[in-house]
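Structure at a glance
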Amino acid sequence: MRHQDITALTLARGSVRTLHQQEELPLLRDHLLRLDPESRHDRFHGFMDDGFIERYAAKCAGDSTIIIAYIEDGVVRGAAELHPPDQSPDAQPEIAFSVEASVRRQGVGSILFKKLIAEARSKGYRSLRITTGAQNQAMRALAHKFGAHLTFRHGESTGSFDLQPQPQAEFAKPGIATPVDTTRAMIDFNRTCWKLFFKMYGLDRAA
């Protein structure tokens, strides 16, 4: 994914691009370390010390996790992670998001979500899973916005995204009734009523 200016898409003034895992590992690591305590708790579903975050960032760089980052002045202020299915016990790709307090309410989360879903579709993934803290209202709202169905368990919200296109049944398509259609429908209805009347009184066998 090439470097893209998103100024016209959000209130943010930065850019979004995919990080090179090994060379740009410090950018993700430093972003995660800058998260305030509440954001860190929401992101990792509990308190995690700096050592854990450093190990986590190193693992992402080595296990083919895709990191789509929101960058301002060369600094990562938001990140969307797409973890490969082989890292999950049920072989379902998992996604995660983190946005620093300084750039919230600027549409950063939405643009990261859109980019990550597009990336997942390009890889042929059929569904995604997201897990966030039950108190993380912003992430829960964002997940709902993009169609995730969330359930609660042990203080966490777990959601899934169906990435497969949903075919629309022919009968569900709205139609426009013309005067001719209405007249024909009334004639058919009246004909059915008379047939039922004749059958009830045996008149259909009179001929």
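Each remark here, short or long, concerns the structure printed above.
All of the points below concern the structure found in this document.

**Remarks on the overall build of the protein chain**
- Across its full length, the protein chain carries six helices and eight strands.
- Walking the protein chain from its N terminus toward its C terminus, one meets helices and strands in the order β-β-α-α-α-β-β-β-α-β-α-β-β-α.
- Put simply, 59% of the contacts in the protein chain that link residues at least 6 apart link residues at least 24 apart.
- Here the protein chain displays about 13000 Å² of accessible surface, and carbon together with sulfur accounts for 56% of that area.

**Observations regarding the pairing of strand S3 (residues 66–72)**
- Of all seven residues that make up S3, seven are buried, and the element is covered over most of its length.
- Burial along S3 is two-sided: Ile66, Ile68, Tyr70 and Glu72 and Ile67, Ala69 and Ile71, pointing in opposite directions, are all buried.
- The pairing of strand S2 (residues 15–18) with S3 spans four bridges and is antiparallel. For Ser15, the partnering residue across the bridge sits in S3 and is Ile71.
- Between S3 and strand S4 (residues 75–83), which pair antiparallel in sequence order, lie two residues; one of them, Asp73, sits at a positive phi of approximately 55 degrees.

**A look at the nonpolar core**
- Among the nonpolar cores identified, the biggest contains 24 residues, and Leu82, Ile95, Phe97, Leu112, Phe113 and Leu128 are the most heavily contacted of them.
- For this core, the secondary-structure elements that each account for two or more residues are S3, S4, strand S5 (94–99), helix H4 (108–122), strand S6 (127–133) and helix H5 (137–145).
- The element that contributes the greatest number of residues to this core is H4, accounting for seven residues.
- Ignoring anything within four residues of it in the chain, the contact list for Leu112 reads Val16, Ile68, Ala69, Tyr70, Gly78, Ala79, Ala80, Phe97 and Val99.

**Observations concerning the side chain of His83**
- Mapped onto the elements, His83 comes out in strand S4.
- On the basis of relative accessible area, His83 is assigned to the buried category, the value being 13%.
- For His83, the side chain forms a polar contact with the side chain of Glu81, separated by 2.8 Å.
- Residues within four places of His83 in sequence aside, it is in contact with Arg43, Tyr56, Cys60, Thr65, Pro93 and Glu94.

How each quantity is defined
- Residues numbered from 1 in each chain as written.
- Predicted model: local features only at pLDDT ≥ 70, side-chain atom pairs only at ≥ 80, totals over all residues.
- Heavy atoms only, no water.
- Helix = DSSP H or I, 4+ residues; strand = E, 2+ residues; numbered from the N terminus.
- Contact = heavy atoms within 4.5 Å.
- Areas by Shrake-Rupley, 256 points an atom, 1.4 Å probe, with all protein chains shown as cover.
- Buried < 20%, exposed > 50% of the residue type's maximum accessible area, 1.4 Å probe, protein only.
- Pairing = 2+ DSSP bridges.
- Core = buried A, V, L, I, M, F, W, Y, C linked by side-chain atoms within 4.5 Å.
- Polar contact = N/O pair within 3.5 Å; in protein donor to acceptor, adjacent residues only side chain to side chain.

Function cannot be inferred from these measures alone, as they are strictly geometric.
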